[in-house]
Structure formats: structure tokens, C-alpha cells
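# Summary of the model geometry
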Amino acid sequence: SIPATIESAAGRDGTHARNDSLTDAGVAPARRRGQQANWSTQAKTRLYLIAESMIKHRGSAYRHVYDAGRAKYADAVHRVPCVRCGPSGQPAQPGSPLNPGHQHARALRLVMKAFLKDLWQAARQAADVEVAV
């Protein structure tokens, strides 16, 4: 049996359920009226603030992840029309370059994922130590 929290995000066969508006990769999920989000807004906000703080310190272990991400996305282009980048009523077209804000957001997401990976590994190590004692 699949837990209810996982079942909402993935189908019974393990494939991810896709929202009709999210058929293309590179499109961030957004809240929809009348639908429950499958993420925690508080957790996302806290993780964002942690990542922002980590990249402000040049000596941070995660700063190099951010810098590499900015370099990776420097020449990236939109894959789908982007309503946030174009003027009102005229979304940025596929093939147009990402603006600096999008590059920053993508690089910051890499920092968040690296931090969560390290946090998960530290928790696993702590759990292994507790079992051994």
C-alpha cells in the first residue's frame, strides 16, 4: 500500500502524476484554486531563506554550487512561453534567453537540492550511530 502523501504525487505504478498545466519540463508548479498543493509552503520558504543566506558568504561550502549553477544557466533559453518574462499579454517565446532572475532562481534551486542532500546524509549517519550505540 502506498502512503496517502506519496499517492497524491505519484500514481500507484510509481509514475509521477502530471497536472495538465505542467506537461513541459522547466515549468514550475503553481497553486491552483480549489486544488490542494502537494508541497509545504512553509518548508519551501524556509529552505529558500537558508539557501539565500548560504550564497551570501563567499566562504560557504554551497557558494561554489551557486556559482557553477550561474555559469551553467548563463546561456540557457526558455523551453516554453514564459508569462513572467515578457510584457503583459506577450510571454517570452521559446528560444529566448533566460533573464538574470531566472538564472539566479535556477542556480539557487541547485543550492537548495545540495543542502537537502547533505542534510539527508547527515540524518542517515546520525540514525546509524544511534542504532550502533
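Look up a bit, the structure's there.
Our subject in this report is the structure included herewith. Just so we're clear, the structure is a prediction, and the values are computed from it rather than from any experiment. Just so you know, the residues in each chain are numbered from 1, in the order the chain's sequence is written. It should be noted that, the model being predicted, local features are given only for residues of pLDDT at least 70 and side-chain atom pairs only at 80 or more, the latter also being counted only at that level, while totals for whole chains, interfaces and linings use all residues. As a convention, hydrogens and water are excluded, and side-chain values are obtained from all of the structure's heavy atoms.

With that settled, the discussion passes to a positive patch on the surface. Patch membership requires more than 30% relative accessible area and the absence of a salt bridge. Residues of like charge join within 9 Å; the nonpolar side chains Val, Leu, Ile, Met, Phe, Trp and Tyr join within 5 Å. All accessible areas in this document rest on Shrake-Rupley with a 1.4 Å probe, and a residue is counted as covered only by the protein chains that are shown. Whenever Lys or Arg places a side-chain nitrogen within 4 Å of a carboxyl oxygen from Asp or Glu, that contact is recorded as a salt bridge. Positive charges come from Lys and Arg alone, negative charges from Asp and Glu alone, with His and the N- and C-terminal ends not counted. In plain terms, the charge of a residue is placed at NZ if it is Lys, CZ if Arg, CG if Asp and CD if Glu. On the surface, Arg31, Lys44, Lys72, Arg109 and Lys113 cluster together to form a positively charged patch. The secondary structure listing takes helices from DSSP runs of H or I that are at least 4 residues long and strands from runs of E that are at least 2 residues long, numbered from the N terminus. Structurally, the position occupied by Lys44 is in helix H2 (residues 41–55). Residue exposure (1.4 Å probe, protein chains only): buried if accessible area is under 20% of the type maximum, exposed if over 50%, otherwise partly exposed. Judged by relative accessible area, which is 45%, Lys44 ranks as partly exposed.

Here we take up the side chain of Glu52. Mapped onto the fold, Glu52 is located in helix H2. Buried and unpaired, Glu52 has Lys56 as its nearest opposite-charge partner, separated by 5.1 Å. Throughout, a residue-residue contact means that at least one pair of heavy atoms, one from each residue, lies within 4.5 Å. When neighbours within four sequence positions are excluded, Glu52 is seen to be in contact with His104 and Leu108.

Okay, the packing of aromatic side chains next. Note on aromatic pairs: the rings of Phe, Tyr and Trp (six-membered ring only in Trp) are paired at centre separations within 6.5 Å, and the planes decide the class, stacked below 30 degrees, edge-to-face beyond 60, tilted for the rest. Tallying each qualifying case throughout the model produces 1 aromatic pair. Ring plane angle 75 degrees and centroid distance 6.1 Å describe the contact between Tyr62 and Phe115, whose orientation is recorded as edge-to-face. Remark: Phe115 occurs in helix H4 (residues 100–132) and Tyr62 occurs in the loop between H2 and helix H3 (63–72); sequence separation between them is 53 residues. As far as the burial class goes, Tyr62 and Phe115 line up, both buried. One Lys or Arg, Lys44, reaches over the ring of Trp39 and ends 4.9 Å from the middle of that ring. Over a ring means this: the NZ of a Lys or the CZ of an Arg is within 6 Å of the ring centre and within 35 degrees of the ring normal.

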